Amino acid sequence: MIPVVIYSNKFLDKVGIFFKIAGITLFPFIILRKHSKKLVNHETIHIYQQLELLVIPFYLLYILMYLYNIVKYRNVLEAYMNIPFEKEAYANETKYTYIKERKLFSWIKYF
């Protein structure tokens with residue numbers, strides 16, 4: 001699947017409550033501040049994670065893991081960086097063929 005990429009600093013400023021974000025994936029859209037091959041790849045990994053979890057459950061799990069991590073780490077950035085979905089995306093954002101070889105539910109191994 002090829003996501004729809006949109007550029008909007010205004011939108012990202014509004015959703016980046018705790019820290020400045022460079023991009024976000026809201027299926028089927030990727031919203032970025034500026035074009036970056038690495039960031040598009042990172043956000044595309046999230047598109048596939050969302051697809052395999054049928055979108056809404058992805059967001060519920062993401063939020064629950066983030067809240068759990070805030071309690072665990074007591075730091076919003078560390079909480080974000082330890083979400084398994086983010087760990088998978090960061091670990092593979094420079095592997096530009098990763099999407100083609102990625103197995104379903106690959107994010108589980110990042111717990």
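All of these numbers come straight from a predicted model, not from anything done at the bench.

A.B. asks: Just checking my understanding: could you explain the overall build of the protein for this structure?
C.D. replies: Helix and strand counts for the protein stand at six helices and three strands. Mapped from its N terminus to its C terminus, the protein presents α and β elements in the order β-α-β-β-α-α-α-α-α. Here the protein has a C-alpha radius of gyration of 13 Å; the compact-globule value for 111 residues is 13 Å, and the two agree. Taken over the C-alpha atoms alone, the protein extends approximately 35 × 35 × 25 Å along its principal axes. The proportion of buried residues among the 111 residues of the protein is 41%. Long-range contacts, defined as pairs at least 24 residues apart, comprise 51% of the intrachain contacts of the protein with a sequence gap of at least 6. Accessible surface for the protein amounts to roughly 6,900 Å². Of this, 67% is attributable to carbon and sulfur atoms. Each charge sign in the protein was given a centre, from 15 positive and 8 negative side chains, and these centres are 3 Å apart.

A.B. asks: Could you clarify how one ought to interpret the pattern of salt bridges in this entry?
C.D. replies: Where charged atoms from two side chains of opposite charge come close, those side chains can pair. Counted according to the given criterion, the structure contains four salt bridges. Across the pair arginine 33 and aspartate 13 runs a salt bridge whose closest N-O atoms are separated by 2.8 Å. Here arginine 33 is found in the loop between strand E3 (29-32) and helix H2 (37-52), whereas its partner aspartate 13 is found in helix H1 (residues 9-15), with 20 residues between them in sequence. Residue class for aspartate 13 comes out partly exposed when judged on its relative accessible area of 48%. For lysine 38, the salt bridge is made with glutamate 93, and the minimal N-O distance between the two is 3.9 Å. Taken together, the residues span a long stretch of sequence, with lysine 38 in helix H2 and glutamate 93 in the loop between helix H5 (84-92) and helix H6 (98-101) at a distance of 55 residues. You can call lysine 38 partly exposed: its relative accessible area is 37%. Three or more residues are tied together by salt bridges with common partners; here these are Glu52, Glu88 and Arg102.

Parameters at a glance
- Residues numbered from 1 in each chain as written.
- Predicted model: local features only at pLDDT ≥ 70, side-chain atom pairs only at ≥ 80, totals over all residues.
- Heavy atoms only, no water.
- Helix = DSSP H or I, 4+ residues; strand = E, 2+ residues; numbered from the N terminus.
- Rg over C-alpha atoms; globule rule 2.2 N^0.38 Å.
- Buried < 20%, exposed > 50% of the residue type's maximum accessible area, 1.4 Å probe, protein only.
- Contact = heavy atoms within 4.5 Å.
- Areas by Shrake-Rupley, 256 points an atom, 1.4 Å probe, with all protein chains shown as cover.
- Lys, Arg positive; Asp, Glu negative; His and termini not counted.
- Charge placed at Lys NZ, Arg CZ, Asp CG, Glu CD.
- Salt bridge = Lys/Arg side-chain N within 4 Å of Asp/Glu carboxyl O.

Honestly, it's all geometry; don't read function into it.
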